[in-house]
Amino acid sequence: MKIGIVCYPTFGGSGVVATELGIELSKRGHEVHFITYKQPVRLELLGSHVHFHEVTVPEYPLFHYQPYELALTSKLVDMVKLHKIEVLHVHYAIPHAYAAYMAKKMLQEEGIYLPIVTTLHGTDITLVGSHPFYKTAVTFSINKSDAVTSVSESLKKDTLRLFDIKNDIHVVTNFIDIAKHTPHFTDCQRDLLANEDEKIITHISNFRKVKRIPDVIKVFYNIQKEMPAKLMMVGEGPEKEPAEQLCAQLGIEDKVVFFGNSHEIDRILCYSDLFILPSETESFGLAALEAMASGVPVISSNSGGIPEVNIHGVSGYLSNVGDIADMSKNALSILNDATTLNKFKEEAKKQACNFDIYQIVPQYEAIYEATIKKC
Ligand code: GMT
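Presented here is an overview of the structure given in this document. All values derive from a computational prediction rather than experimental measurement.

Cut-off values and rules
Residues numbered from 1 in each chain as written. Predicted model: local features only at pLDDT ≥ 70, side-chain atom pairs only at ≥ 80, totals over all residues. Heavy atoms only, no water. Helix = DSSP H or I, 4+ residues; strand = E, 2+ residues; numbered from the N terminus. Buried < 20%, exposed > 50% of the residue type's maximum accessible area, 1.4 Å probe, protein only. Contact = heavy atoms within 4.5 Å. Areas by Shrake-Rupley, 256 points an atom, 1.4 Å probe, with all protein chains shown as cover. Lys, Arg positive; Asp, Glu negative; His and termini not counted. Charge placed at Lys NZ, Arg CZ, Asp CG, Glu CD. Near = heavy atom within 4 Å. Polar contact = N/O pair within 3.5 Å; in protein donor to acceptor, adjacent residues only side chain to side chain. Nonpolar A, V, L, I, M, F, W, Y, C, P; charged D, E, K, R; others polar. Phe/Tyr/Trp six-rings, centres within 6.5 Å; stacked < 30°, edge-to-face > 60°. Pairing = 2+ DSSP bridges. Axes fitted to C-alpha atoms, helices over the stretch in contact; angles between N-to-C directions. Salt bridge = Lys/Arg side-chain N within 4 Å of Asp/Glu carboxyl O. Parallel < 35°, antiparallel > 145°, perpendicular 65-115°, else oblique. Left-handed = near helix turned anticlockwise from the far one by under 90°. Right-handed = clockwise from strand over helix to strand, strands pointing away.

Right, let's get into the overall build of the protein chain. Of regular secondary structure, the protein chain possesses 14 helices and 13 strands. The principal-axis extents of the C-alpha atoms in the protein chain amount to approximately 70 × 45 × 35 Å. Here the protein chain, with 375 residues, has 54% of them falling under the buried criterion. Taking the contacts inside the protein chain whose residues are at least 6 apart along the sequence as the reference set, 69% of them involve residues at least 24 apart. For the protein chain, the accessible area works out to roughly 16,300 Å², and carbon and sulfur atoms hold 53% of it. Where the 36 positive side-chain charges of the protein chain centre and where its 46 negative ones centre are 4 Å apart.

Okay, here's the thing in structure tokens:
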């Protein structure tokens, strides 16, 4: 098939999922066209089966807001015609599903039929999309998609609760390429960051309020009181600076490394002992799945779709949002002895295998085929 993919090209989970999906689809013989404003961060190799088409928005002083949706719509129409794209898969409803619908209508005028598959990722529903300023257009564009998928059962429920949805929503979970997280694939250099006796605790996110960054630091603070440990904070976002200040206030700044955005997630995870994800809400928690695939147990909140990924007492532990004492206690119970830690590491990896890319990508292929046939 010739598949167009629209996504945010940044470090966020939806862009990562879209990119990994596109790469895998291309390996399976499909022709994939990424259409977005920048080459997606995880998209390293362009080739005969993977193409990138940049959406540019010329700045014009009259506009207080530059019209990205308009530029995206035009680019979609042009690329569909030029490359004979058969199906368009948009990741993150805002504004992608809306722009895709406009492109579809414009193409219809010329007798070209373009099915739209919309994947809901989380904040496009729970935080942003349900805001009254967006809700009407988001509801419309979800209902006008030819197929709608959500990355967890929890997100599907949230969508049906928050919006008046007439379409079926298929749950197609996020996935992981397990092979990429095996040790022979990664050059693990643990000794560059910590001493042999120190446990390595990791958090990866876009450092937004919803991630509850202060909770990560407070849980780590409790851990390092009991055992030698280092904290790896990976990512960029508005909560990073306050987090650095909190570390200084607590006197643990020499035990915490702030990496910023990293292209070396696999490397950081391969020497991590524990991953912390205390989010306020999380439709899935791709970062937790990536950690588990590298054999890193997860201490998380029990919000949203996280319990579908992290299994309490098996791959890690779940606590109520904000329950720092419980998270700290659970973390210490995993880290305290080597046998328990190794058991959790093994189980985390096993649980991640339930989300292997080879089981999930065919589900998207089946959805594409069904929408193309419908046309
Ligand atoms: O986590 C974020 O804030 C980024 C956001 C995104 O759209 O990139 O992540 C959402 O989509 C990910 C991929 O499907 C999910 O794993 C995250 O759980 C979800 N984030 C939230 O729901 C807060």
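Before going further, it helps to spend a moment on the site of the ligand. Around the ligand, a shell composed of 17 residues is seen, among which Ser 14, His 121, Asn 174, Lys 211 and Glu 282 lie nearest. Here an oxygen atom of the ligand sits 2.9 Å away from a polar atom, N or O, in the main chain of Gly 13. Measuring from an oxygen atom of the ligand, one finds a side-chain N or O atom of His 121 at 2.6 Å. When the ligand is considered free in solution it has 480 Å² of accessible area, and contact with the protein chains removes 93% of it. In terms of residue class, the shell around the ligand is made up of 4 nonpolar, 11 polar and 2 charged.

What follows concerns the packing of aromatic side chains. Following the criterion strictly, the structure yields 7 aromatic pairs and no others. Arranged with centres 5.8 Å apart and planes meeting at 80°, the rings of Tyr 37 and Tyr 68 form a pair that is edge-to-face. Of this pair, Tyr 37 sits in the loop between strand 2 (31-36) and strand 3 (50-54) while Tyr 68 is found in helix 2 (residues 68-83), placing the two residues 31 residues apart along the sequence. Accessibility expressed as a relative area gives 14% for Tyr 68, which makes it buried.

Let's shift gears to the sheet that holds strand 1 (residues 2-6). Spatial strand order, 3-2-1-4-5-6-7: 7 strands in an open sheet with parallel pairing. If you trace the sheet from one side to the other, it starts and ends with strand 3 and strand 7 (169-171), each paired once. Between one strand axis and the next, the sheet turns by 25° as a mean value, whatever way the strands run. As judged from the 4 bridges shared by strand 5 (residues 116-120) and strand 6 (residues 147-150), these two strands associate in the parallel manner. For Thr 118, the partnering residue across the bridge sits in strand 6 and is Val 148.

Further remarks concern unusual backbone geometry. Going from Ile 94 to Pro 95, the amide bond is cis rather than trans, its omega being -15°. Structurally, the position occupied by Pro 95 is in helix 3 (residues 93-108). Backbone geometry at Lys 84 places phi at a positive 55°, although glycine is not the residue there. In this structure, Phe 207 is a non-glycine residue whose phi angle is positive, near 50°. Within the fold, Phe 207 resides in the loop between strand 8 (199-204) and helix 7 (213-226).

Our focus in this paragraph is the pattern of salt bridges. In this structure the tally under the stated criterion is 19 salt bridges. Note that Lys 2 and Glu 31 form a salt bridge whose closest N and O atoms lie 4.0 Å from each other. With Lys 2 in strand 1 and Glu 31 in strand 2, this residue pair connects regions lying 29 residues apart in the sequence. Overall, the relative accessible area of 28% leaves Lys 2 in the partly exposed class. With a shortest N-O distance of 3.0 Å, Glu 20 and Lys 180 are connected by a salt bridge. Highlighted residues: Glu 20 in helix 1 (residues 13-27) and Lys 180 in the loop between strand 7 and strand 8, separated in sequence by 160 residues.

In a pair of packed helices, the angle between the axes and the distance between the axes together describe the arrangement. The N-to-C vectors of helix 10 (residues 286-293) and helix 13 (residues 338-352) enclose an angle of 120°; their axes lie 7 Å apart at closest approach. Taken as axis vectors, helix 10 and helix 13 run oblique relative to one another. Helix-helix and strand crossings are classified by hand; for helix 10 and helix 13 the assignment is left-handed. Of the residues in helix 13, those in contact with Leu 289, Met 292 and Ala 293 of helix 10 are Ala 348, Lys 349, Gln 351 and Ala 352. Taken together, the residues that form the contact of helix 10 with helix 13 break down as 5 nonpolar, 1 polar and 1 charged.

What follows is about the pairing of strand 1. Within strand 1, 4 of the 5 residues are buried, leaving the element largely enclosed by the surrounding structure. Relative to strand 2, strand 1 runs parallel, the two being bridged by 4 bridges. Counterpart to Lys 2 in the pairing with strand 2 is Glu 31. Between strand 1 and its parallel partner strand 2, the chain crosses via helix 1, and the hand of that crossover is right-handed. As paired strands, strand 1 and strand 4 (residues 87-91) are joined by 4 bridges and run parallel to one another. Among the inter-strand pairings, Gly 4 is bridged to a residue of strand 4, identified as Leu 88.

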